[in-house]
Amino acid sequence: MTDNSAPKTKPKAHLPDESLAYLTRAVRASRAGNESEAMSLFEQACATGPGHPLPSFLYGSELASLGRIEQAESAFANAVLCDPGFNTARYQLGLLQFSSGRAAAALVSWQPLLVLADTNPMLHFVYGFAALARNEYSAARTHFHEGLALPNNNGPMIDDIRLVLARMDEEAASTGEPATHAEPAAPQTPAGVALEEPAEPDARHVLISNYGKPDTLH
């Protein structure tokens, strides 16, 4: 039976009102296209809420959208350190590493997500990327479609996977390979079992999109 409680979380730090105020303003500035203002406000949010994962996570998302990959990875990693159970941050950290051609590092970052329930789309997406790293494209499509078939209110996460599938289909069309995916099936690797190392660390380059910011931060 799947353990839905792992990875274990430590008590979350309180997000100071000052940090929350900076985050709210940063989100608005980002949505308005005011890049320099948004970056300054995200940095102030991180400085005033150093023990809380949300400022680092949103800062990492902003950095990633600007192509500042190394800084984005550091911000996502800090979010995970602040809250090891922040699964979306952990998933995004691995996705950033995978998209940078470091599939092995991504699989290590994603390892704790293998205990998620099979009703969680992230579990299937991780299996999909693991298969993609081993050049098992049919299996990767199957896992990605399984994840997309599950309820998920994270639109940018869905868009990322659809983009991956579109790129896979484009490449398949150029090489004459079938682009259709197999019918949904149970994950090939049981939860809790280590993922295999990738056949090639940079098997496929995957683009990521900036994660949308909530209008109201909690």
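Structure's up top.
The structure presented is a predicted model; accordingly, all values stated were derived computationally and were not measured.

Draft legend 1. Spatial organisation of helix 4 (residues 69-82). An ideal rise of 1.5 Å per residue puts 20 Å on 14 residues; helix 4 measures up with 20 Å between its terminal C-alpha atoms. Taken residue by residue, helix 4 has Ala72, Glu73, Ala75, Phe76, Ala79, Val80 and Cys82 as its buried positions. Those residues of helix 4 that are buried are in contact with helix 3 (53-65) and helix 5 (87-99).

Draft legend 2. Just the packing of helix 5 against helix 7 (residues 121-133), in detail. Closest axis-to-axis distance for the helix 5/helix 7 pair is 11 Å, and the angle between their directions is 15 degrees. Taken together, the axes of helix 5 and helix 7 are roughly parallel relative to one another. Seen from above, helix 5 lies across helix 7 with left-handed handedness. Side by side, helix 5 and helix 7 meet where Asn87, Thr88, Tyr91, Leu95 and Phe98 of the first sit next to Met122, Phe125, Val126, Phe129, Leu132 and Ala133 of the second. Within the contact of helix 5 with helix 7, the residues separate by chemical class into nine nonpolar, two polar and no charged.

Draft legend 3. View of unusual backbone geometry. The phi angle at asparagine 135 is positive, at roughly 65 degrees, despite the residue not being glycine. By secondary structure assignment, the location of asparagine 135 is in the loop between helix 7 and helix 8 (137-148). Judged by relative accessible area, asparagine 135 falls into the partly exposed class, the value being 27%.

Draft legend 4. Expanded view of the environment of alanine 103. Structurally, alanine 103 can be placed in helix 6 (residues 103-110). Alanine 103 sits in the buried class, given a relative accessible area of 2%. Each C-alpha atom, one on alanine 103 and one on leucine 132, is 9.4 Å from the other, the two residues being 29 residues apart in sequence.

Draft legend 5. Just the pattern of salt bridges, in detail. In total, this model carries three salt bridges according to the counting rule given. Glutamate 73 is paired through a salt bridge with arginine 102; the nearest N and O atoms lie 2.4 Å apart. Here glutamate 73 is found in helix 4, whereas its partner arginine 102 is found in the loop between helix 5 and helix 6, with 29 residues between them in sequence. Judged by its relative accessible area of 18%, glutamate 73 is buried. Look at arginine 102 and you get partly exposed, because its relative accessible area is 32%.

Each value, and the rule that gives it
- Residues numbered from 1 in each chain as written.
- Predicted model: local features only at pLDDT ≥ 70, side-chain atom pairs only at ≥ 80, totals over all residues.
- Heavy atoms only, no water.
- Helix = DSSP H or I, 4+ residues; strand = E, 2+ residues; numbered from the N terminus.
- Expected span 1.5 Å × (residues − 1).
- Buried < 20%, exposed > 50% of the residue type's maximum accessible area, 1.4 Å probe, protein only.
- Contact = heavy atoms within 4.5 Å.
- Axes fitted to C-alpha atoms, helices over the stretch in contact; angles between N-to-C directions.
- Parallel < 35°, antiparallel > 145°, perpendicular 65-115°, else oblique.
- Left-handed = near helix turned anticlockwise from the far one by under 90°.
- Nonpolar A, V, L, I, M, F, W, Y, C, P; charged D, E, K, R; others polar.
- Salt bridge = Lys/Arg side-chain N within 4 Å of Asp/Glu carboxyl O.

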